[in-house]
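Survey of secondary and tertiary structure
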Amino acid sequence: MKRVAVLLASVCFVIGSGTFLFAQEAGRTWISDVTIISPENLDHISIGSVLIENGKIVRVERKVGAKVPEHATVVSGKGQFLIPGLIDSHVHISSIPGMGMVPDQLKIDQPLGKSFPQHETMVDDYLKQLPRSYLYYGYTTLIDLVAPFPQELNDFRHQPLHPDLYSCNPSMPFANGYPMSYAPPEMRFKGFPNFIYDPAQAASIPAEYKPEDHTPAADVARVKASGGICVKTFFERGFGGMRNLPVMSPEVLAEVRRAATADGLVLMMHANSFEAQKFGVDGNVDVLAHGMWNWGAMDDATGLPDEIKSVLDQIVAKKIGYQATIQVLAGLTAYFDPDYLKMAAIPKVVPAEMLAWFNTPEGKWFKKEVNDDGRPDAAVLNGFQRGPVHHVQLVVGYLAGKDANFLFGTDTPSAPTYGNLPGLNGYLEMQQLRKAGMSLAQIFKAATINNAREFKLDSQIGTVEAGKVANLVLLRKSPLESLDAYDSISTVWVHGVALQRESLAAR
Ligand SMILES: [Zn+2]
């Protein structure tokens with residue numbers, strides 16, 4: 001309703017001054033007597049009031065009893081906490097939980113996902129709920145790192161209510177490498193047309209793709225021209241059934257680095273192993289898009305080996321953005337956890353029909369992919385816990401002790417799993433980060449100011465300050481006292497439009 005009023009207001013604006021007054025009224029909100037928690041100012045938390053006008057924060061009063069501005073809708077924030085809207089800087093909105101990154105255009109089954117044409121309506125309903133689920137958990141800005149078909153990003157942006165969406169598209173995999181390797185050879189170049197050419201593989205690259213059109217500089221220019229704010233590339237030799245994938249050399253990474261710097265784009269690298277993160281650190285990437293859970297030859301070590309510590313020390317020294325994405329692992333183990341689908345939060349973020357489907361044998365197809373040798377559920381869970389989960393916890397704990405530049409990113413969904421659901425996955429990721437040793441303040445900053453600064457969005461978002469976009473979240477509890485606060489949301493503002501949390505839940 002409010003949004004309709006705002007739209008009407010902007011139409012009325014040009015008609016006459018009488019209606020202009022109405023525009024001001026519709027777009028003016030005074031949030032009073034609220035505890036303002038803004039990440040640049042955590043040493044001076046105070047009760048005050050915030051004025052929103054036409055989608056922007058125009059005034060922040062850090063004192064009690066400031067005079068209510070004229071013609072403003074007053075929202076009492078008494079006893080509540082106001083924070084900037086949360087930012088998740090690693091999502092994949094065109095990937096469907098429990099199905100995968102199966103672009104409609106392909107209609108094929110592949111290891112990265114399964115096509116279920118008979119469930120098209122269910123998927124459509126999910127896509128309508130998707131932006132609302134992010135808002136339900138307070139996420140007002142998202143960055144999509146890989147969307148093979150950008151139409152889905154446009155569809156998202158055309159939903160009536162949605163978080164702001166930025167992207168690194170089109171992503172830049174190394175020729176025939178991860179993740180284009182998941183698509184069959186005849187399809188992968190269409191799905192990932194912005195790949196980096198490799199002369200050594202000329203025989204396995206279709207002739208229509210010319211080397212000069214696929215240099216790092218040409219690819220980065222294409223990201224820039226598409227409106228991307230970041231470059232997403234990959235260093236991954238493979239896992240599961242797919243191994244020995246081609247990866248780029250340090251020289252190629254250096255070219256990508258130069259081009260990204262020249263075009264003013266943030267350079268992000270998919271890297272979850274010791275080898276890959278060392279490669280990224282040596283090549284001065286801006287952001288490592290995963291935690292280090294694969295230690296290679298050191299996998300059997302119980303503590304954190306010195307060799308790993310020295311790479312982590314460089315991550316800290318170079319202020320490389322670190323997305324721990326621990327929920328990637330939990331997303332895989334969800335199939336072996338008897339309680340996961342029973343969580344009361346799930347019906348809030350996915351339509352009932354989809355949840356019912358997750359509970360069917362067909363809806364659990366991905367379980368076999370994760371556990372192809374049919375081990376007992378408890379053994380699978382235990383294996384993850386003792387291996388990759390333990391590794392990434394040690395790494396995150398070490399980095400937290402050095403106050404690394406953590407960026408909050410969930411990689412939702414990171415696989416064709418129902419274990420990474422929009423919005424809720426962020427809340428679960430926060431719990432993982434806390435368990436691994438990050439403080440509440442570190443988590444709060446990672447999801448607000450750190451992300452805003454790293455992606456050069458800090459003139460717009462990331463704090464509660466005059467001049468910023470009015471993307472705000474009102475909480476019943478303080479996020480500096482408990483993580484539950486992020487599940488105690490009462491109101492979310494997107495560009496100044498107030499949304500009651502319950503109205504965003506799936507029906
Ligand atoms: Zn990802």
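Note: the structure precedes this text.
Below you will find a few notes about this structure. (Residues numbered from 1 in each chain as written. Predicted model: local features only at pLDDT ≥ 70, side-chain atom pairs only at ≥ 80, totals over all residues. Heavy atoms only, no water.)

1. Some points on the overall build of the protein chain
Inclusion rule: Strands are runs of DSSP state E lasting at least 2 residues, helices are runs of H or I lasting at least 4, and numbering of each runs from the N terminus. With the radius of gyration taken over C-alpha atoms, the globule rule is written as 2.2 Å times the number of residues to the power 0.38. We call two residues in contact when some of their heavy atoms are within 4.5 Å.
Broken down by element type, the protein chain carries 16 helices and 15 strands. Taking 2.2 N^0.38 as the reference for a compact globule, 507 residues should give roughly 23 Å; the C-alpha atoms of the protein chain span a radius of gyration of 23 Å, in line with that estimate. Its C-alpha atoms put the protein chain at 70 × 50 × 50 Å along the principal axes. For the protein chain, contacts bridging at least 24 residues in sequence account for 70% of all contacts bridging at least 6.

2. Focus on the environment of K190
The condition that has to hold: Each residue gets one of three labels from its accessible area relative to the maximum for its type: buried under 20%, exposed over 50%, partly exposed in between, using a 1.4 Å probe on protein chains only.
The residue K190 is located in helix α5 (residues 185-191) in this model. Judged by its relative accessible area of 59%, K190 falls in the exposed class. As a C-alpha pair, K190 and M180 span 10 residues in sequence and 9.6 Å in three-dimensional space.

3. Some words on the packing of aromatic side chains
Think of a pair of aromatic rings as described by two things: how far the centres are apart, and how the planes are tilted against each other in angle. Threshold: Only centres within 6.5 Å qualify two rings of Phe, Tyr or Trp (six-membered ring in Trp) as a pair; their planes then separate them into stacked at under 30 degrees, edge-to-face at over 60, and tilted for everything else. For a lysine, the NZ atom is tested; for an arginine, the CZ atom; a charge sits over a ring if that atom is within 6 Å of the ring centre and within 35 degrees of the ring normal.
For the structure on display, the rule yields 20 aromatic pairs. Summarising the aromatic geometry, the rings of Y134 and Y139 are spaced 6.4 Å apart at their centres and angled 85 degrees between planes, so their arrangement reads as edge-to-face. Every member of this aromatic cluster is reached through a ring pair, and the members are F116, Y335, Y340, W357, F358, W365, F366 and Y418. The cationic tip of R501 hangs over the ring face of Y136; the distance from NZ or CZ to the ring centre is 3.9 Å. The ring of Y137 has R501 lying over it, and the distance from NZ or CZ to the ring centre is 4.9 Å.

4. Notes on the environment of L145
Looking at the secondary structure, you find L145 in the loop between β7 (139-144) and α4 (151-157). Residue classification places L145 among the buried positions, given a relative accessible area of 0%. Separated by 52 residues in the primary sequence, L145 and I93 place their C-alpha atoms 9.2 Å from one another. With residues up to four places along the chain from it excluded, the contact list for L145 reads S89, H90, V91, H92, C168, N169, S171, K232, M268, A289 and Q323.

5. A look at the pattern of salt bridges
As a reminder, the rule being used: Between Lys or Arg on one side and Asp or Glu on the other, a salt bridge is scored when a side-chain nitrogen of the former is within 4 Å of a carboxyl oxygen of the latter.
Taken as a whole, this structure holds 15 salt bridges when the rule is applied. Measuring nitrogen to oxygen at the nearest pair gives 3.3 Å for the salt bridge that ties E465 to K468. When salt bridges with common partners are traced through the structure, they connect R59, E61 and K63 into a single cluster.

6. Observations regarding the side chain of S171
Structurally, S171 can be placed in the loop between β8 (164-167) and α5. Contact partners of S171, with chain neighbours within four places excluded, come to L145, V146, F192, N194, K232 and F234.

7. With respect to the environment of T302
By the secondary structure assignment, T302 is in the loop between β11 (287-288) and α9 (306-317). Along the chain, T302 and K402 lie 100 residues apart, while their C-alpha atoms are 21 Å from each other. Those residues in contact with T302, other than ones at most four positions away along the chain, are H390 and L394.

8. Quick look at the pairing of strand β1 (residues 28-36)
Inclusion rule: Note on pairing: DSSP must find at least two bridges between two strands before they are called paired.
Within β1, 8 of the 9 residues are buried, which leaves it mostly tucked inside the rest of the structure. Across 4 bridges, the pairing between β1 and strand β4 (residues 73-76) is parallel. Paired with T29 across the strands is T73, a residue of β4. Where β1 meets strand β5 (residues 81-84), 2 bridges bridge the pair, whose relative direction is parallel.

9. Some words on the coordination of the zinc ion
The condition that has to hold: Only N, O and S atoms count as donors, using a 2.8 Å limit from the metal and a wider 3.2 Å limit for Na, K and Ca, and since water is excluded some coordination spheres may look unfilled.
Each protein donor to the zinc ion is listed here as H90 (NE2), H92 (NE2) and D411 (OD); together their distances run 2.1 to 2.4 Å. All donor residues of the zinc ion come from one chain, and their arrangement in sequence is H-x1-H-x318-D. Of the two residues, H92 sits in the loop between β6 (86-91) and α3 (120-136) while D411 sits in the loop between α14 (377-401) and α15 (424-435), which places them 319 residues apart along the sequence. Judged by its relative accessible area of 7%, H92 is buried. Relative accessible area serves as the criterion here: at 5%, D411 is assigned to the buried category.

10. Side note on unusual backbone geometry
The amide bond that connects N169 to the next residue, P170, takes the cis arrangement and shows omega of -10 degrees. On the secondary structure map, P170 appears in the loop between β8 and α5. Residue P179 follows Y178 across a cis peptide bond; omega there is -5 degrees. Tracing the backbone shows P179 in the loop between β8 and α5.

11. A few points about the sheet that holds strand β12 (residues 321-322)
Ordered by their spatial adjacency, 4 strands build an open sheet running β9-β10-β11-β12, and the pairing between neighbours is parallel. Sheet topology places β9 (230-234) and β12 at the edges, where each strand pairs with a single neighbour. Direction of pairing for β9 relative to strand β10 (residues 266-270): parallel, over a ladder of 5 bridges. Counterpart to K232 in the pairing with β10 is M268.

12. So, a negative patch on the surface
The criterion, for reference: Grouping into patches uses exposed residues only, defined as over 30% relative accessible area, and leaves out salt-bridged ones; the cut-off is 9 Å for like charges and 5 Å for nonpolar side chains (Val, Leu, Ile, Met, Phe, Trp, Tyr). Note that accessible areas follow from Shrake-Rupley with a 1.4 Å probe, and for residues the cover is restricted to the protein chains shown. Lys and Arg are tallied as positive, Asp and Glu as negative. Neither His nor the chain termini are counted. Where a charge lies is defined by one atom per residue type, namely NZ (Lys), CZ (Arg), CG (Asp) and CD (Glu).
A contiguous patch of negative charge on the surface is contributed by E120, D124, D125 and E353. Of all the elements, α3 adds the most residues to the negative patch, at 3 residues. Residue placement: D124 occurs in helix α3. With a relative accessible area of 38%, D124 lands in the partly exposed category.

13. A look at helix α8 (residues 274-282)
Within α8, burial applies to F274, A276, Q277, F279, G280 and V281. Each element contacted by the buried residues of α8 is listed here: α7 (250-263), β10, β11, α9 and β12. Positive phi shows up at N284, right after α8, with a value of about 55 degrees.

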